[in-house]
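Summary of structural features
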Amino acid sequence: VTEWLQPMVQALIKFYAGRAWAARDQKVTETYDCTCKLLGAFLEPLTYWQQLKDALDNDAPQDLDQRVASVKILALCLHGSVDVLNSIQPPDPELGLGRLTP
């Protein structure tokens, strides 16, 4: 998964940290937001966490705008994960974040 996820995350960071995000085109922003939510819906939380966790490190090599973009992407991915869990009927309080345990 990481062979395609890393370039995708970099493209998302570039969007959210760049002029395209600042232009506030509603359709484009909705498309990128949906992309992040779908990543969260289909990937394990640990997978996207590994790609984005460096933004929360004090010694992160990224610029501030890139770090803020990474946190936004992380929040949207989590939103997608939670949406999937909320869609399970009937609700299963034992499910956690969807991980299977022995």
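Anyway, here's the lowdown on the structure attached to this text. (Residues numbered from 1 in each chain as written. Predicted model: local features only at pLDDT ≥ 70, side-chain atom pairs only at ≥ 80, totals over all residues. Heavy atoms only, no water.)

**Looking at the packing of helix 3 (residues 26-42) against helix 5 (residues 64-86)**
Between helix 3 and helix 5, the shortest axis-to-axis distance is 6 Å and the interhelical angle comes to 55°. Put simply, helix 3 runs oblique to helix 5. Between helix 3 and helix 5 lies a crossing of right-handed hand. Contact residues: helix 3 offers Asp33, Cys36, Lys37, Leu39, Gly40 and Ala41, while helix 5 offers Lys72, Ile73, Leu76, Cys77, His79, Gly80, Ser81 and Val84. Of the residues belonging to the contact of helix 3 with helix 5, the class tally is 7 nonpolar, 4 polar and 3 charged. (Axes fitted to C-alpha atoms, helices over the stretch in contact; angles between N-to-C directions. Helix = DSSP H or I, 4+ residues; strand = E, 2+ residues; numbered from the N terminus. Parallel < 35°, antiparallel > 145°, perpendicular 65-115°, else oblique. Left-handed = near helix turned anticlockwise from the far one by under 90°. Contact = heavy atoms within 4.5 Å. Nonpolar A, V, L, I, M, F, W, Y, C, P; charged D, E, K, R; others polar.)

**Re helix 5**
For helix 5, spanning 23 residues, the distance from its first C-alpha to its last is 33 Å, which sits close to the expected 33 Å at 1.5 Å a residue. Those residues of helix 5 lying buried are Ala69, Ser70, Ile73, Leu74, Leu76, Cys77, Gly80 and Ser81. Elements that come into contact with the buried residues of helix 5 comprise helix 1 (2-17), helix 3 and helix 4 (45-52). (Expected span 1.5 Å × (residues − 1). Buried < 20%, exposed > 50% of the residue type's maximum accessible area, 1.4 Å probe, protein only.)

**Quick notes on the state of the cysteines**
Counting across every chain of the model gives 0 disulfides. No disulfide involves Cys34; its sulfur sits 9.3 Å from the nearest other cysteine sulfur, which is in Cys36. Look at Cys34 and you get partly exposed, because its relative accessible area is 39%. Cys77 provides the cysteine sulfur closest to Cys36, a residue in no disulfide bond, and the two sulfurs are 5.4 Å apart. (Disulfide = S-S within 2.5 Å.)

**With respect to the nonpolar core**
Tyr16, Cys36, Leu39 and Ile73 are the most contacted members of the largest nonpolar core, which totals 17 residues. Elements represented by at least two residues in this core include exactly helix 1, helix 3, helix 4 and helix 5. With 6 residues, helix 1 is the largest single contributor of residues to this core. (Core = buried A, V, L, I, M, F, W, Y, C linked by side-chain atoms within 4.5 Å.)

**Things to note about the packing of aromatic side chains**
Taken as a whole, this structure holds 3 aromatic pairs when the rule is applied. Taken together, a centroid distance of 3.8 Å and an interplanar angle of 5° make the contact between Phe15 and Tyr32 stacked. With Phe15 in helix 1 and Tyr32 in helix 3, this pair connects stretches of sequence that are 17 residues apart. Geometrically, the ring pair formed by Tyr16 and Tyr32 is edge-to-face, given 6.4 Å between the ring centres and 80° between the ring planes. In this pair, Tyr16 sits in helix 1 while Tyr32 sits in helix 3, placing the two residues 16 residues apart along the sequence. On the basis of relative accessibility, which here comes to 28%, the residue Tyr32 falls in the partly exposed class. Through pairs of rings, three or more aromatic residues link up here, namely Phe15, Tyr16 and Tyr32. (Phe/Tyr/Trp six-rings, centres within 6.5 Å; stacked < 30°, edge-to-face > 60°.)

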